[in-house]
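Coordinates in review
What follows is each chain in one-letter form.
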Amino acid sequence: MFNTKKMATQATPARVYALLRILQNSEDHGMERNILREKMMTDKDSDYSHAIEETAFELGIFSDDNGYYSLTEDGEKILNIPDYKLFVISKLPQFRSGIFYKVTQAILSLNGNYLYSENPELTTRELMNTIQEKINDDGIPDVSSVRAWRFWASYIGLGFTFGQQKMIFVPNASNYLEMVIKSKMSDLIGTEMNISTFLDRLGSEVSLLVTEEDRKNRRLNLAVSSGLSNLHSKRLINIWHELDEKEVWTGQFSFQPGVSQISRITYLGENTND
């Protein structure tokens, strides 16, 4: 799923979470594969079942001992949906060579340019062609993979989907960034820092959003720009530009009236939210 050349639409985040909960609620936190499939109401030998199990196994939620599935230590620690989302985010850096990472970075690099069409629904095929050109891997990804990608991208907070078939993706990583910031910066409430230091503190999870080229050019894509702006409005963080700051980053729009550049950021802590 994440580390392959194709993503399966059957393996939605909700279905993988349902598998996790079934194993957690079993007596020994383990179960025979066929019994698990019966509880999930899937055909014992279907591609549907295989896709869900493969994704959960890939994420490290369970181990497989000749058809007996047991929760891993990581799987035991996931107590609720917020835990689950943050767990998935923490695993993504392991899949940098996979299709999910590549599609994410290809779409985010477009900065939502496809949204300005008079009829965005008609841009789906054009968007697919652009993604394939950026990835340059013999027709990868296909339409099915991009459909699967949008389920997970919106679920972990990279943006929002709309349209008749929910194929149109609006980049806005506010939810993704909020989860990572809260998990990584609890000891830095009130600490002012430059943007590079801030990104470094967020760890490898931020590499999905900010590429090495972005760092070199000190440029934030639409997803990150929108996300930081939203979190600033929520008073989770404070961002601003100091005129004498040596390191200046440019966003995709004005963070403040007439100002599209930022140089400093402070994590205010979640208790300051209204």
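Everything below is about the structure shown above.
I will try to describe carefully the structure that is included in this document. (Residues numbered from 1 in each chain as written. Predicted model: local features only at pLDDT ≥ 70, side-chain atom pairs only at ≥ 80, totals over all residues. Heavy atoms only, no water.)

**Things to note about the sheet that holds strand E1 (residues 30-32)**
- In space, the 3 strands of this open sheet follow the order E1-E3-E2, with antiparallel pairing throughout. The sheet is open, and its two edges are formed by E1 and strand E2 (62-65), each paired on a single side. Pairwise comparison of adjacent strand axes, ignoring direction, gives a mean angle of 20° for this sheet.
- For E2 and strand E3 (residues 68-71), the ladder comprises 4 bridges, and the chain directions are antiparallel. In the sheet register, Ser 63 faces E3, and the bridge partner there is Ser 70.
- Together, E1, E2 and E3 form the strand contacts of helix H1 (residues 13-25), whose direction differs from that of E3 by roughly 85°.
- Each of E2 and E3 is contacted by helix H3 (residues 47-58), which is oriented at about 115° to E2, the strand it contacts most. (Pairing = 2+ DSSP bridges. Helix = DSSP H or I, 4+ residues; strand = E, 2+ residues; numbered from the N terminus. Axes fitted to C-alpha atoms, helices over the stretch in contact; angles between N-to-C directions. Contact = heavy atoms within 4.5 Å.)

**With respect to helix H5 (residues 81-91)**
- If you check which residues of H5 are buried, you get Tyr 84, Phe 87, Val 88, Ile 89 and Lys 91.
- Looking at the buried side of H5, the elements it contacts are H1, helix H4 (73-77), helix H8 (143-155) and helix H9 (174-184). (Buried < 20%, exposed > 50% of the residue type's maximum accessible area, 1.4 Å probe, protein only.)

**Description of the pattern of salt bridges**
- Tallying each qualifying case throughout the model produces 11 salt bridges.
- Residue Lys 77 pairs with Glu 73 through a salt bridge whose shortest N-O separation is 3.7 Å. On the criterion of helical spacing, the pair formed by Lys 77 and Glu 73 is a turn pair, its members being 4 residues apart in helix H4.
- With relative accessibility at 59%, the residue Glu 73 sits in the exposed group.
- Two residues, Arg 264 and Glu 245, come together in a salt bridge whose shortest N-O distance is 3.5 Å. A residue pair is termed long-range when its members are at least 10 positions apart, and Arg 264 in strand E10 (residues 264-267) and Glu 245 in the loop between strand E7 (237-240) and strand E8 (249-250) qualify at 19 residues.
- Residue classification places Glu 245 among the buried positions, given a relative accessible area of 18%.
- Each of Glu 178, Lys 182 and Lys 234 takes part in salt bridges that share partners, so that together they form one network. (Salt bridge = Lys/Arg side-chain N within 4 Å of Asp/Glu carboxyl O.)

**Concerning the packing of H5 against H9**
- In the contact formed by H5 and H9, the axes pass within 10 Å of each other and the chain directions differ by 90°. As judged from the angle between their axes, H5 and H9 are roughly perpendicular. For the pair formed by H5 and H9, the contact residues are Lys 85, Leu 86 and Ile 89 on the first element and Tyr 176, Met 179, Val 180 and Ser 183 on the second. (Parallel < 35°, antiparallel > 145°, perpendicular 65-115°, else oblique.)

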